[in-house]
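Residue strings, one per chain:
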Amino acid sequence: MTPHDIARVQTSSAKTAPIADAAEKDASAVTKTERLVIVGNGMAPGRMLEHLFERAPGRYTVTIFNAEPRVNYDRIMLSPVLSGEKSYEQIIIHGDGWYIKNGITLYKGHKIVSIDRDAKTVTSDRGVVEPYDKLVIATGSVPFILPVPGNNLAGVLSYRDLDDVNAMLLAAQSRTKAIVIGGGLLGLEAAAGLEAQGMDVTVLHLMPTLMERQLDPAAGYLLQKAIEDRGIKVICKASTKAIIGEKKVEGVELADGRLIPATLVVMAAGIKPNAGLAKDAGLSSNRGIVVDAGMRTTDPNIFAVGECAEVGGHVYGLVAPLYEMARVAAEHLVDSSSTAAFVHSDTPTKLKVTGIDLFSIGDFADGEDRNEIVLRDASAGVYKRIILKDNRIIGTVLYGETADGAWFNDLKKKQVDITDMRDTLIFGQAYQGGSPLDPMAAVAALPDDAEICGCNGVCKGRIVGVIQEKGLTSLDDVRAHTKASASCGSCTGLVEQLMALTLGESYNPAAVQPMCGCTTLGHDDVRRLIKAKNLKNVFAVMQELEWTTSCGCAKCRPALNYYLVCDWPGEYADDYQSRFINERVHANIQKDGTYSVVPRMWGGVTSAKELRAIADVVDKFDIPTVKVTGGQRIDMLGIKKEDLPAVWADLGKAGFVSGHAYAKGLRTVKTCVGTDWCRFGTQDSTGFGIRIEKFMWGSWTPAKVKMAVSGCPRNCAEATCKDVGVICVDSGYEIHFAGAAGLDIKGTEVLGLVKTEDEALKVIVALVQMYREQARYLERIYKWAKRVTIAEIRRQVLDDLEKRQGYYERFVYSQKFAQVDPWSERVSGLHKHEFKPMATIGMPQAAE
Amino acid sequence: MTWAMIGRITDIPRRGARCIETPQGKIAVFRTAEDRVFAIEDHCPHKGGPLSQGIVHGAAVTCPLHNWVISLETGKALGADEGAVRTIPIKVEGEMLFIALAALSDCAA
Ligand SMILES: Cc1cc2nc3c(=O)[nH]c(=O)nc-3n(C[C@H](O)[C@H](O)[C@H](O)COP(=O)(O)OP(=O)(O)OC[C@H]3O[C@@H](n4cnc5c(N)ncnc54)[C@H](O)[C@@H]3O)c2cc1C
Ligand code: SF4
Ligand code: SF4
Ligand code: FES
């Protein structure tokens, strides 16, 4: 078997198969170009390849082995994924297409287990043997797992990759107690993320103050207060003795005897360079894999980059120096006599927890030969400290107000003598030389070589230059071209200020995605203004909000119509011409212009009488296709538009109403047979599903809403991938929401458990009403929930009874006007022009 | 040019359309918000979608199948898409609408 066969076998999903294909095409070229093999597909080698392809495209045929079964993504941004602020897709650095374009063979999910330096091959755990001319080891770090009893119990996780995040998200669905061991950067980000997901979190930290390696005790104290204000408990000087539990984690025992219960323990107690593979191959290693300033190991054909490498006695755990390693290694791969050399530099630390601003760099220990300047503003929660030696800055700690971080860093780097500004230094750049300046002026005053983005080493001059040269106007463009603020994102504010400075008036930082080309307003603004200005029809909205077109477009009109229907029930008359054809004729248009019709089958239950009526309609109108849908009902396809009213009339006689299979509205409520028939059923899932459907049918929603009720956790109705789902259990009804099984696949989130069917109905109705009132048109529940956060939704519809009641009542009121069967309305003549041609010209009369 | 009467302007809803059956296929007749009327083939240049079923905005219609926007004045696709449908001369006399039959037979050719 050739390696490429294996690639094909392991990249079995359709998405990754083309990568193997691309490799196949290049197979003949392998002999001509040099073979570069990379072990590990993290951020460091990803950046190295970018440099390499830029400097010497086509020089190497590249093969990558990655133990993680995925492409290169922004590991730094795992915390926003954990907290729900971003999705995995949003943090991918190199998508599958990039590998194809560059002819790279990527073995996803292959771990290299040995290197044979004599034969110049590497071997993967799945048996692939790959020869190399040059090898790059980029195996990153492994989390440090405390050597305490119980550290291998189920429920003990580390925090390193996407699998860890997914495991944490799964565990967080229980909304029980979690413990994070380690109060450093990683631990605090994990804690904040778990808290955002509804867990009750305790952080255990061995040292007396948090993040003691980056913060002095005073800033550590402020940080602890801010963390505790979010509802996270912090225990310092906590030494973990054991993790308790039978099969699964049940808690943590501290050395002082305290016992803290938890169902999830995240170890974030540090990392160690992953040098084992290199060591086994006989390469020199110390804490990490020892390399020279050109990133070469003791074998001249083997390089090491990233967290696994030790250069000049240092190992690194932040991306800025790793990216520098990547640049240097690429230089040496292009030109073996290159003099590019890695130089040590300090990297500022920032914490990526929304709402907490801290900045620290350099050395801040007390000492004989140093002195310091400190500023505290207790009411504003600000603490700043600058550590000086020989009148030069050697360290800075900023908490609460970090805007001057870049400036202090610049002074430190350049070793500027600060004697002259000593009195005002701590107030920041704005206070130097006279009267205070505004923050923009501070950015303006930064020298061109001041570093703005620490992660990617981008200076002010480069950002300004590229904005001007390429005519960039959006933050995304600047990120794409310069990489500034594209990694951890904490310098986004500075980059935006630079953009404002460079572009002047024309830059609008708060720019939102406009609804469509007819307006500059985004969906949220339009929704807010409709209410605030009391706008009650489509034309009033366009007039008052200064639409640039006379009557909108196919994007904004249906959205506006929905917002008005939702906001002014009983007052607003539906604008029929602003609806998509499906909602105008209450059927689904098909590719040939015919329609399909789906009658409601409450909860997916039907009868002989109903089936007979459907059979008769199919015969009478010669309907070509009859199909069972995924939503437990029957679809009749290929009906001519002219026939629709007659089809509905016949269905109506048998008691059918429209199934709204075409609507941005309530579609189906799937059910299982529950206690009626099933030996596992815990509640009447069928009855409850029918009850929900009868209560909620007819309501218009921002996007379609599909529901399901399962009678027990075996979940035969597949409720855990629906917009709203219910899993019945002995103790009541577990309400789920925000699932997806379409373009995206996503399991639901648990909203909560309620005891009675009545309460479950109320919560579901309130949830849907909140969604109706807040979401953007065409935004499914899972996308909306991501924006407003699960915790907030839970607070409003589960915890806050008054809010819940408000939503419930508004829904019930609007249903008075919505629950009208559109089919029977049309059978009795409404919109009859829709279904008949206006005229027939020159057609042979059907007289034969 | 022979003109055939097809009905009244009020038979078509504002920002809406109706169809006319002809031996050469369906024709879509549009009425805009400002009471301008247009007639074009009811056959999207993309994949033949029924344009008469689209949303009418300004002097354009958005196809219901994949959202191409077609100018009612020229029959051409707007924006990045390329393609055109035949436009058919139409005139209003008082309330009554007429379309040009000659253009229809061209259609057949
Ligand atoms: C949650 C979190 C937050 C962070 N926040 C920041 C931050 O704000 N700022 C900052 O600068 N840095 C931050 N970091 C650190 C930063 O992400 C890392 O320094 C960086 O990703 C390391 O890159 P790397 O290429 O060396 O290794 P990695 O990105 O760890 O990649 C190593 C890869 O090699 C694979 N591998 C290992 N062994 C083998 C083998 N034998 N065969 C095949 N594949 C193998 C692994 O599966 C892994 O995918 C954060 C890290 C985490 C986990
Ligand atoms: S979900 Fe449970 S109750 Fe419902 S059919 Fe399946 S096993 Fe039975
Ligand atoms: S999956 Fe795609 S092709 Fe199939 S019915 Fe849905 S939209 Fe049409
Ligand atoms: S058929 Fe009209 S857009 Fe595709």
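Up top is the structure these notes are about.
So, the site of ligand 1
All names here are of chain A.
Thinking step 1. Taken together, the neighbourhood of ligand 1 is formed by 32 residues, with Arg-75, Arg-160, Glu-307, Val-319 and Lys-352 sitting nearest.
Thinking step 2. Side-chain polar atom of Arg-160 to an oxygen atom of ligand 1: 2.5 Å apart, as the coordinates give it.
Thinking step 3. With respect to ligand 1, the backbone of Val-319 contributes an N or O atom lying 2.8 Å from an oxygen atom.
Thinking step 4. Protein contacts shield 94% of the accessible area of ligand 1, which totals 1,000 Å² for the unbound molecule.
Thinking step 5. If you list the elements that add at least two residues to the shell around ligand 1, you get helix H3 (43-55), strand E2 (60-66), helix H7 (185-196) and helix H10 (319-334).
Thinking step 6. For the shell around ligand 1, the leading source of residues is H3, giving 3 residues.
Thinking step 7. Taken together, the residues that form the shell around ligand 1 break down as 15 nonpolar, 10 polar and 7 charged.

Description of the nonpolar core
Considering soluble globular proteins, one finds that nonpolar side chains tend to be buried as a cluster.
Residues and elements named next belong to chain A.
Thinking step 1. Among the nonpolar cores identified, the biggest contains 144 residues, and Leu-49, Ile-137, Leu-194, Leu-223, Met-295 and Leu-425 are the most heavily contacted of them.
Thinking step 2. If you tally residues by element for this core, the top one is H10, at 10 residues.
Thinking step 3. The next biggest cluster of nonpolar side chains, apart from the first, holds 52 residues, and it includes Leu-529, Trp-568, Tyr-595 and Trp-700.

Regarding the interface of chain A and chain B
Thinking step 1. On the chain B side, the residues contacting the 31 residues of chain A number 31 residues.
Thinking step 2. Between chain A and chain B, the buried area comes to about 2,400 Å², and carbon and sulfur atoms account for 62% of it.
Thinking step 3. Broken down residue by residue, the surface that chain A buries against chain B is led by A:Gln577, A:Met838 and A:Ile841, which jointly contribute 31%.
Thinking step 4. Between chain A and chain B we count 1 salt bridge in total.
Thinking step 5. In this structure, A:Asp575 engages B:Arg15 in a salt bridge whose closest nitrogen and oxygen atoms are separated by 2.6 Å.

With respect to the packing of helix H26 (residues 790-799) of chain A against helix H27 (residues 801-818) of chain A
All names here are of chain A.
Thinking step 1. Interaxial distance between H26 and H27 falls to 5 Å at its minimum, and their mutual angle equals 80°. By the criterion of interaxial angle, the relationship of H26 to H27 is roughly perpendicular. Residue-level inspection shows Gln-796, Val-797, Leu-798 and Asp-799 of H26 in contact with H27, the latter providing Leu-801, Lys-803, Arg-804 and Tyr-807.
Thinking step 2. By residue class, the composition of the contact of H26 with H27 is 4 nonpolar, 1 polar and 3 charged.

Quick notes on the pairing of strand E13 (residues 240-244) of chain A
Residues and elements named next belong to chain A.
Thinking step 1. Taken together, the 4 bridges between E13 and strand E14 (residues 251-254) define a ladder with antiparallel strand orientation. By the bridge assignment, Ile-244 is partnered in E14 with Gly-251.
Thinking step 2. Taking the residues that link successive antiparallel strands as the turn, the E13-E14 hairpin has 6 residues, and the phi of Gly-245 there is positive, at about 155°.

Looking at unusual backbone geometry
Residues and elements named next belong to chain A.
Thinking step 1. Here Gln-415, not a glycine, exhibits a phi torsion of approximately 55°, which is positive.
Thinking step 2. Here Gln-415 shows up in the loop between helix H11 (405-414) and helix H12 (439-445).
Thinking step 3. Although it is not a glycine, Asn-715 adopts a positive phi angle of roughly 60°.
Thinking step 4. With respect to the helices and strands, the residue Asn-715 is situated in the loop between strand E33 (705-710) and strand E34 (724-729).
Thinking step 5. Residue Asn-715 is classed as buried on the basis of its relative accessible area of 14%.

Calculation criteria
- Residues numbered from 1 in each chain as written.
- Chains lettered and ligands numbered in written order.
- Predicted model: local features only at pLDDT ≥ 70, side-chain atom pairs only at ≥ 80, totals over all residues.
- Heavy atoms only, no water.
- Near = heavy atom within 4 Å.
- Polar contact = N/O pair within 3.5 Å; in protein donor to acceptor, adjacent residues only side chain to side chain.
- Areas by Shrake-Rupley, 256 points an atom, 1.4 Å probe, with all protein chains shown as cover.
- Helix = DSSP H or I, 4+ residues; strand = E, 2+ residues; numbered from the N terminus.
- Nonpolar A, V, L, I, M, F, W, Y, C, P; charged D, E, K, R; others polar.
- Core = buried A, V, L, I, M, F, W, Y, C linked by side-chain atoms within 4.5 Å.
- Buried < 20%, exposed > 50% of the residue type's maximum accessible area, 1.4 Å probe, protein only.
- Contact = heavy atoms within 4.5 Å.
- Buried area = accessible area lost by both parts, 1.4 Å probe.
- Salt bridge = Lys/Arg side-chain N within 4 Å of Asp/Glu carboxyl O.
- Axes fitted to C-alpha atoms, helices over the stretch in contact; angles between N-to-C directions.
- Parallel < 35°, antiparallel > 145°, perpendicular 65-115°, else oblique.
- Pairing = 2+ DSSP bridges.

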